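Each chain is listed here by its residues.
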Amino acid sequence: MPELPEVETVCIALSKVVISSRVKNIKVLRKNLRWNIRENIQTNLEQDILKKPYRRGKYILIPTYKGNILLLHLGMSGQIKIKSNNNNTLKHDHFIMVIETKKNKDYSIIYNDPRRFGYIDFFNIKDIENHFLLQKLGVEPLSNDFTTDYLQKNINKRSKCIKNFLMDQSIIAGIGNIYASEILYRAKVHPLKSVDSLNKENLKNIIDSTKYILRKSINVGGTSIKNHLQPDGKLGYFVQELQVYGKQKLKCNKCNDLIKKIITNNRATYFCNTCQK
Ligand SMILES: [Zn+2]
């Protein structure tokens with residue numbers, strides 16, 4: 001499932017073709033994604049010029065010159081493909097946007113999603129704060145607003161384990177199951193530890209680890225884009241350098257004890273019982 005670094009990687013790849021490109025046409029092959037794609041997406045976006053894409057949490061946002069924003073969400077299994085010619089539509093291709101660059105070159109931006117938990121939407125930029133998917137998003141973990149004070153303020157409202165807290169999108173936007181385990185391993189904090197028992201040093205370690213792990217993964221993703229055209233459709237999916245996720249019964253790289261796997265909140269959680277307190 002794509003998390004913040006994968007979505008950022010897709011944004012970087014899209015930036016290489018969409019900036020200043022004109023939307024030639026949009027085809028909706030299947031509108032019932034997690035929610036239905038709105039009917040008038042073509043009339044609102046066709047002929048408009050796209051600006052630089054950016055990311056908010058796990059959402060890709062592409063602003064346009066006429067003041068709209070195209071929102072793409074990859075859900076559990078969504079992929080964005082960029083093709084210079086799209087002769088054959090594949091199974092699970094649900095949305096195709098053909099764009100023309102300033103140099104008169106056409107590209108197809110294709111949204112493919114077997115499980116259809118993703119979503120595509122558009123809205124006027126003035127409604128961005130009220131969009132139902134964006135309005136409750138918490139702090140961007142790579143921003144300067146992600147501080148120990150911010151965490152402490154949010155901890156006071158709730159009492160739960162740190163792993164679920166990290167994955168709560170209304171507190172921190174963009175962290176999912178894979179990176180939550182990796183962050184806590186690096187911060188040496190046990191995933192089941194209650195947030196109200198964390199001291200300031202723990203919180204500082206969690207913040208530092210979050211920024212380190214996410215930035216490192218974005219770099220790996222960036223280098224995985226050899227060019228922006230990914231004929232295998234693997235854009236946004238790359239081999240992360242993981243320390244604990246999926247490594248149960250393998251040796252911890254720091255202490256040689258075996259990595260443990262438990263289920264919390266119906267999600268697999270990986271940690272080292274010796275290194276993480
Ligand atoms: Zn260990």
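For clarity, every value in this text was computed on a predicted model and none was experimentally measured.

**Notes on the overall build of the protein chain**
Counting its secondary structure elements, the protein chain contains six helices and ten strands. Across its three principal directions, the C-alpha atoms of the protein chain cover 55 × 40 × 30 Å. Considering only contacts in the protein chain between residues 6 or more positions apart, those separated by 24 or more positions represent 69%.

**Comments concerning the environment of Tyr237**
With respect to the element layout, Tyr237 can be found in the loop between helix H6 (200-224) and strand E9 (260-264). Linking Tyr237 and Ile225, residues twelve residues apart in sequence, is a C-alpha distance of 9.9 Å.

**Observations regarding helix H5 (residues 177-187)**
In terms of residue burial, H5 counts as a mostly covered element, since ten of its eleven residues are buried. Of all the residues in H5, the buried ones are Ile178, Tyr179, Ala180, Ser181, Glu182, Ile183, Leu184, Tyr185, Arg186 and Ala187. The inward-facing, buried residues of H5 abut helix H4 (162-167), H6 and strand E10 (267-271). One or two positions beyond H5, positive phi appears at Lys188, with a value near 60°.

**Some details on the packing of H5 against H6**
For the pair H5 and H6, the least separation of the axes is 8 Å and the interaxial angle reads 125°. Classed by the angle they form, the pair H5 and H6 counts as oblique. Crossing handedness for the pair H5 and H6: right-handed. Two secondary-structure elements touch here, H5 through Tyr179, Glu182, Ile183, Arg186 and Ala187 and H6 through Asn205, Ile206, Ser209, Thr210, Tyr212, Ile213 and Leu214. Looking at the contact of H5 with H6 residue by residue, the classes come out as seven nonpolar, three polar and two charged.

**Some remarks on the nonpolar core**
By size, the foremost hydrophobic cluster in this structure holds 62 residues, and its most contacted members are Ile60, Ile99, Ile183 and Leu184. Looking at which element gives the most residues to this core, the answer is helix H1 (residues 4-18), with eight residues. Inspection of this core shows a minimum of three residues originating in each of domain 1 (4-130) and domain 2 (148-271).

**Quick look at the domain arrangement of the protein chain**
Assigned domains of the protein chain: these are domain 1 (4-130) and domain 2 (148-271). On a C-alpha basis, the centroid separation for the pair domain 1 and domain 2 is 28 Å. Across the boundary between the two partners, domain 1 contributes 22 residues, which contact 18 residues of domain 2. Those elements that place two or more of their residues in the side of domain 1 that touches domain 2 are H1 and strand E5 (79-83). With eleven residues, the top contributor of residues to the side of domain 1 that touches domain 2 is H1.

**Section: the sheet that holds E5**
Strand order in the open sheet made by the four strands is E1-E6-E7-E5, with antiparallel pairing throughout. The outermost strands of the open sheet, each flanked by one partner alone, are strand E1 (22-28) and E5. Across this sheet, the average inter-strand angle for adjacent strands is 20°, counted without regard to direction. As paired strands, E1 and strand E6 (residues 93-100) are joined by six bridges and run antiparallel to one another. Of the residues in E6, the one forming a bridge with Val28 is Phe95.

**Quick word on the sheet that holds strand E4 (residues 68-73)**
Within the open sheet, the four strands sit side by side as E2-E3-E4-E8. Their pairing is antiparallel. For this open sheet the edge positions go to strand E2 (54-56) and strand E8 (119-124), each flanked by a neighbour on one side alone. Taken pair by pair, the neighbouring strands of this sheet meet at an average axis angle of 30°, ignoring direction. The pairing of strand E3 (residues 59-63) with E4 spans five bridges and is antiparallel.

Cut-offs applied
Residues numbered from 1 in each chain as written. Predicted model: local features only at pLDDT ≥ 70, side-chain atom pairs only at ≥ 80, totals over all residues. Helix = DSSP H or I, 4+ residues; strand = E, 2+ residues; numbered from the N terminus. Contact = placed C-beta atoms within 7 Å. Buried ≥ 20, exposed ≤ 12 C-beta atoms within 10 Å, placed from the backbone. Axes fitted to C-alpha atoms, helices over the stretch in contact; angles between N-to-C directions. Parallel < 35°, antiparallel > 145°, perpendicular 65-115°, else oblique. Left-handed = near helix turned anticlockwise from the far one by under 90°. Nonpolar A, V, L, I, M, F, W, Y, C, P; charged D, E, K, R; others polar. Core = buried A, V, L, I, M, F, W, Y, C linked by C-beta atoms within 7 Å. Domains from an automatic or database assignment. Pairing = 2+ DSSP bridges.

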